[in-house]
Amino acid sequence: MPSSLNMKFEFKLQNLFAMHTKHHDNILVISITMMIFLFSCQNIGFSQTSKDKKIPDTYCLNEEELQLFNMINQQRQQKGLPKLELSKSLSYVAYLHVRDLYINRPDSVKGCNMHSWSNKGQWTAFCFPKEQSKRRSVWDKPKEITTYPTSAYEIVYYSADKTGPDEIIELWKGVAPSAALLFNTGKYMKNNWRAVGVAIYKGYASLWLGEGKDPETKIRICSTDSVITSFTSKTKNQTSITREEPSGGSLGKYYLIFGSYLSFKQAREAQINLINDGFVNASILEKDGKFRTALNMYETMEAARAAKKKLPNKYQSAWILKD
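Now for a description of the structure that goes with this document. (Residues numbered from 1 in each chain as written. Predicted model: local features only at pLDDT ≥ 70, side-chain atom pairs only at ≥ 80, totals over all residues. Heavy atoms only, no water.)

## Structural notes on the overall build of the protein chain
Quick reminder of the rule: Runs of H or I in DSSP of at least four residues are treated as helices and runs of E of at least two as strands, each being numbered from the N terminus. Residue burial is assigned from relative accessible area. The probe radius is 1.4 Å, only protein chains are included, and a residue is buried under 20% of its type maximum, exposed over 50%, and partly exposed in between. Contact criterion: two residues are considered in contact whenever any of their non-hydrogen atoms come within 4.5 Å of each other. Computed with a 1.4 Å probe, the accessible areas rest on the Shrake-Rupley method; for each residue, only the protein chains presented here act as cover.
The secondary structure content of the protein chain amounts to nine helices and eleven strands. Expressed as a percentage of its 323 residues, the buried residues of the protein chain come to 39%. Looking at the protein chain alone, contacts between residues at least 24 apart form 66% of all its contacts between residues at least 6 apart. Accessible area for the protein chain stands at about 18800 Å²; split by element, carbon and sulfur atoms hold 55% of it.

In structure tokens:
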């Protein structure tokens with residue numbers, strides 16, 4: 001028969017175990033509750049972010065902005081570069097940024113320039129270049145604000161009086177960093193820009209260049225019923241090329257091709273080499289994901305053939321394409 005001392009000791013142990021188990025269960029319940037709460041908050045956050053990325057139906061591109069876009073492509077074509085597709089997402093990011101710059105002046109904060117964003121909108125505030133790092137980049141704004149899939153680079157402009165597309169493009173052409181972005185030179189020589197977005201507002205102009213394809217395919221022109229379809233624009237902008245050498249002297253565009261590449265980077269490097277070798281009109285033609293380098297362009301087949309005969313030996317393998 002157990003002694004009273006043993007019974008008391010056993011009772012205390014049982015109570016202690018029960019209390020410990022109860023306390024442990026409470027911790028477990030609290031932990032599970034916290035996990036459910038945090039998971040719910042995360043889900044709410046994700047749904048809000050997805051909703052916020054929808055571009056308002058009221059957004060549109062004005063005539064000046066459309067003119068600036070067309071001028072950019074004209075300038076690129078003159079340098080033998082492919083045309084860019086007008087991006088609704090990048091244009092909307094530019095639209096927000098020029099208004100943020102005008103209204104909230106994030107560039108007035110010490111250490112921040114015109115690539116900066118204020119804390120007054122549906123985006124994360126950013127002081128550039130002060131906060132720029134490998135983990136956080138202002139070039140991720142298109143991905144943050146819209147469904148645009150990649151990072152992009154921005155050129156910003158401000159003038160109190162010279163605010164027209166002609167003046168904006170001339171300034172960008174004359175400044176080395178912006179010209180390098182626009183025309184794929186310097187450290188941007190290997191970038192294959194596919195899309196461009198533009199916005200002009202109260203003396204500010206913003207242009208974004210990206211290598212990703214914009215999932216937004218239609219952009220409305222302000223004060224009209226016109227809608228630009230990106231896919232259609234891209235199709236029109238592509239150079240239609242077939243390899244043929246017909247006889248005769250019909251007018252058209254005849255290119256002396258010297259190289260075909262799978263990437264824009266390779267074609268751009270080849271184009272630079274051709275220019276350095278004296279072919280100042282060397283250009284890049286794009287179709288079906290392939291990039292061809294042309295030594296020059298001629299209006300007739302006869303002119304192209306005559307030019308081919310005069311090529312140095314190292315370029316005698318060039319062939320003629322008709323556009």
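From this point, the narrative continues.
## As for the pairing of strand 3 (residues 195-201)
Applied cut-off: At least two DSSP bridges between two strands are needed for those strands to be called paired.
Of all the seven residues making up strand 3, six are buried; the element is thus mostly covered by neighbouring parts of the structure. As defined by bridge partners, strand 1 (residues 85-86) adjoins strand 3 across two bridges and the pair is classed as parallel. If you follow Leu86 over to strand 3, its bridge partner there is Val196. When strand 3 meets strand 4 (residues 204-210), the two strands line up antiparallel, connected through seven bridges.

## Thoughts on the pattern of salt bridges
Counted only if it meets this: A side-chain nitrogen of Lys or Arg and a carboxyl oxygen of Asp or Glu constitute a salt bridge if their distance falls within 4 Å.
Across all of its chains, the model carries eight salt bridges by this definition. Residue Glu170 is joined to Lys173 by a salt bridge in which the shortest nitrogen-to-oxygen separation is 3.3 Å. Of this pair, Glu170 and Lys173 both sit in helix 5 (residues 165-174), separated by three residues, roughly a single helical turn. Relative accessible area serves as the criterion here: at 46%, Glu170 is assigned to the partly exposed category. Owing to a relative accessible area of 31%, Lys173 belongs among the partly exposed residues under this scheme.

## Some points on helix 5
For clarity, the threshold we go by: Here the arc refers to the set of directions running from the helix axis out to each C-beta atom.
The set of residues buried in helix 5 consists of Pro165, Ile168, Ile169 and Trp172. Take helix 5 and look down its axis: the buried residues cluster within an arc of 90°, on one side only. Contacts made by the buried residues of helix 5 are with helix 2 (63-78), strand 2 (152-158), helix 6 (176-183), strand 3 and strand 4.

## Here's the deal with the nonpolar core
Side chains of nonpolar character tend, in soluble globular proteins, to be buried together. The following threshold applies: As used in this record, nonpolar core signifies buried Ala, Val, Leu, Ile, Met, Phe, Trp, Tyr and Cys residues forming a set joined through side-chain atoms within 4.5 Å.
Trp172 and Leu207 are the most contacted members of the largest nonpolar core, which has 57 residues in total. If you tally residues by element for this core, the top one is helix 3 (residues 88-104), at seven residues. Excluding anything up to four places from it in sequence, Trp172 contacts Leu68, Ile155, Val156, Tyr157, Ser178, Ala179, Leu182, Ala205, Ser206 and Leu207. Residues Tyr254, Ala282, Ala304 and Ala307 belong to the second largest nonpolar core, which totals 14 residues.

## Some words on the layout of surface pockets
Note the threshold: Cavity: a set of points on a 1 Å grid over the protein atoms alone where a 1.4 Å probe fits but cannot get out. Pocket: an open set with protein on both sides within 12 Å along at least five of seven lines, its lining residues, like those of a cavity, having an atom within 4 Å of a point. Grid points are joined across faces, edges and corners, and a volume is the space filled by probe spheres set on the points.
Taken as a whole, the second largest pocket holds about 270 Å³ of empty space. With five residues, strand 2 is the single largest residue contributor to the lining of the second largest pocket.

## Details of the side chain of His97
Of note, His97 is situated in helix 3. A relative accessible area of 0% places His97 in the buried class. Ignoring any residue separated from it by four or fewer positions in sequence, one finds His97 in contact with Met114, His115, Ser116, Trp117, Glu154 and Ser206.

## A short note on the state of the cysteines
This is how it is decided: Disulfides are defined as pairs of cysteine sulfur atoms found within 2.5 Å of each other.
Under the criterion given, the structure shown has two disulfides. Note that Cys112 is cross-linked by a disulfide to Cys127, the S-S spacing being 2.0 Å. Across the disulfide from Cys112 to Cys127, rotation about the S-S bond amounts to roughly -110°, and the bridge is consequently left-handed. Of this pair, Cys112 sits in the loop between helix 3 and helix 4 (141-145) while Cys127 sits in the loop between helix 3 and helix 4, placing them 15 residues apart in sequence. Along the protein chain, the cysteines engaged in disulfide bonds are linked according to the scheme 1-4, 2-3 when indexed in sequence order.

## Considerations on unusual backbone geometry
In this structure, the amide linkage connecting Phe128 to the following residue, Pro129, adopts the cis form with an omega of 5°. Here Pro129 lies in the loop between helix 3 and helix 4. Positive phi, close to 50°, is recorded for Asn184, a residue that is not glycine. Within the secondary structure, Asn184 is located in the loop between helix 6 and strand 3.

## Thoughts on helix 6
With six of eight residues buried, helix 6 is to be regarded as a mostly interior element. For helix 6, the set of buried residues is Ser178, Ala179, Ala180, Leu181, Leu182 and Phe183. Elements in contact with the buried residues of helix 6: helix 2, strand 2, helix 5, strand 4 and helix 8 (264-276). One or two residues past the end of helix 6 sits Asn184, with phi positive at roughly 50°.

## Quick look at the side chain of Ser137
The test is simple: Throughout this description, a polar contact denotes any pair of N or O atoms lying within 3.5 Å of each other; where both atoms belong to protein, one of them has to be capable of donating a hydrogen while the other can accept it, and for residues adjacent in sequence the pair is counted only when both atoms sit in side chains.
Following the sequence through the fold, Ser137 ends up in the loop between helix 3 and helix 4. Judged by relative accessible area, Ser137 falls into the buried class, the value being 18%. Separated by 3.0 Å, the side chains of Ser137 and Gln132 make a polar contact. In contact with Ser137, not counting residues within four places along its chain, are Phe126 and Gln132.

Scope: geometric values only; no functional claims are made or implied.
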